[in-house]
Amino acid sequence: MSDKQKAITLAFTGASGAPYGLRLLECLLAADYQVYLLISSAARVVLATEHGLKLPGNPDAAKAVLVEHLNCDPEKLTVCGKDDWFSPVASGSAAPKQMVVCPCSAGSVAAIAHGMSDNLIERAADVVMKERGQLLLVVRETPFSTLHLENMHKLSQMGVTIMPAAPGFYHQPQSIEDLVDFMVARILDHLGVAQGLVPRWGYDQRG
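Since the structure is predicted, the reported quantities are computational estimates derived from the model, not experimental observations.

In this section: the overall build of the protein. On a plain count of helices and strands, the protein comes out with seven helices and six strands. The helix and strand sequence of the protein, counted from the amino end, reads β-α-β-α-α-β-β-α-α-β-α-β-α. Taken over the C-alpha trace, the protein has a radius of gyration of 16 Å; the compact-globule value for 207 residues is 17 Å, and the two agree within 12%. Considered along the principal axes of its C-alpha atoms, the protein spans approximately 55 × 40 × 40 Å.

Let us look at the packing of helix α1 (residues 18–30) against helix α7 (residues 176–191). The contact between α1 and α7 brings their axes to 9 Å, and the two run at 50°. On the basis of their axis angle, the class for α1 and α7 is oblique. The two elements α1 and α7 meet at a crossing, and its hand is right-handed. Residue-level inspection shows Pro 19, Tyr 20, Arg 23, Leu 24, Cys 27 and Leu 28 of α1 in contact with α7, the latter providing Leu 179, Val 180, Asp 181, Met 183, Val 184, Ile 187, Leu 188 and Leu 191.

The next subject is the environment of Glu 131. Tracing the backbone shows Glu 131 in the loop between α5 (120–130) and β5 (134–139). Residue classification places Glu 131 among the partly exposed positions, given a relative accessible area of 29%. Sequence separation between Glu 131 and Leu 155 is 24 residues, and the spatial gap between their C-alpha atoms is 15 Å. Ignoring anything within four residues of it in the chain, the contact list for Glu 131 reads Gly 92 and Lys 97. A polar contact of 2.7 Å, which involves the side chain of Glu 131, links it to the side chain of Lys 130.

Quick look at the packing of aromatic side chains now. Counted according to the given criterion, the structure contains one aromatic pair. Here the aromatic rings of Tyr 170 and Phe 182 are separated by 5.5 Å at their centres, their planes lie at 75°, and the arrangement is edge-to-face. Here the residue Tyr 170 occupies a position in the loop between β6 (161–162) and α7, and Phe 182 occupies one in helix α7, the gap between them amounting to 12 residues. Accessibility expressed as a relative area gives 7% for Phe 182, which makes it buried.

So, about the pattern of salt bridges. For side chains bearing opposite charge, pairing can occur when the charged atoms are close. Counted under the stated rule, the structure contains six salt bridges. One salt bridge in this structure joins Arg 123 and Asp 126, with 3.6 Å as the shortest N-O distance. Pair noted here: Arg 123 and Asp 126 are both in helix α5, with a separation of three residues, about one helical turn. Owing to a relative accessible area of 22%, Arg 123 belongs among the partly exposed residues under this scheme.

Counting buried residues along β5, five of its six residues qualify, which places the element largely inside the surrounding structure. Bridge analysis of strand β4 (residues 98–104) against β5 gives five bridges, and the strand direction is parallel. Within the sheet, the bridge partner assigned to Cys 104 lies in β5 and is Val 139. Of the crossover connections in this fold, the one passing from β5 over helix α6 (residues 146–157) to the parallel β6 is right-handed.

Let's shift gears to the UniProt feature "domain: Flavoprotein" (unreviewed entry) in the protein. Mapped onto the present numbering, the UniProt feature "domain: Flavoprotein" (unreviewed entry) falls at residues 6–191. As annotated, residues 6–191 has a helix share of 45% and a strand share of 17%, and its two end C-alpha atoms lie 11 Å apart.

About the cut-offs
Residues numbered from 1 in each chain as written. Predicted model: local features only at pLDDT ≥ 70, side-chain atom pairs only at ≥ 80, totals over all residues. Heavy atoms only, no water. Helix = DSSP H or I, 4+ residues; strand = E, 2+ residues; numbered from the N terminus. Rg over C-alpha atoms; globule rule 2.2 N^0.38 Å. Axes fitted to C-alpha atoms, helices over the stretch in contact; angles between N-to-C directions. Parallel < 35°, antiparallel > 145°, perpendicular 65-115°, else oblique. Left-handed = near helix turned anticlockwise from the far one by under 90°. Contact = heavy atoms within 4.5 Å. Buried < 20%, exposed > 50% of the residue type's maximum accessible area, 1.4 Å probe, protein only. Polar contact = N/O pair within 3.5 Å; in protein donor to acceptor, adjacent residues only side chain to side chain. Phe/Tyr/Trp six-rings, centres within 6.5 Å; stacked < 30°, edge-to-face > 60°. Salt bridge = Lys/Arg side-chain N within 4 Å of Asp/Glu carboxyl O. Pairing = 2+ DSSP bridges. Right-handed = clockwise from strand over helix to strand, strands pointing away. UniProt positions renumbered as here; feature names shortened; annotations may be inferred.

Written as structure tokens, this is what we have:
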């Protein structure tokens, strides 16, 4: 697999669900992916509120905090500023072919659906779509309004995978971490990344 194939863009937006994003980041780095991480201002608020992780606005400083928190290889993680238009993810000639927005707010869904590209997250998603790559949106909102559903339907028709953060219970979760791992496992499955977080349906039910 080439370096470009082993690269992925991951975005955190301001929806609830920071533990999903952090666990996914941890798993992608453990799978030896080069991760380009995009973090909205609202996402930093959510990370501090839900996970107690305070990330500075400066990309390099935020990277340092994440590297220490995850104990990961700093060479595998690039944190991009929201207006870093020279980042590889902003160009179809350099961007990874896979991108996940996790968690994804309804506002981000709307902006991506309408090609707004007002910040790097929206632009990166637009690039993946126009280059016919794989875009997954882990939407965290409830209930969905008709407008939310229309935006998701529009994106689904364009080949975007809409994956609401709705964990299952057939693996008999014993903790919040088990529920987080269920969703992250489903995301990794869709990306084609090997995972041992949660067994697939039927494998442990035959015993």
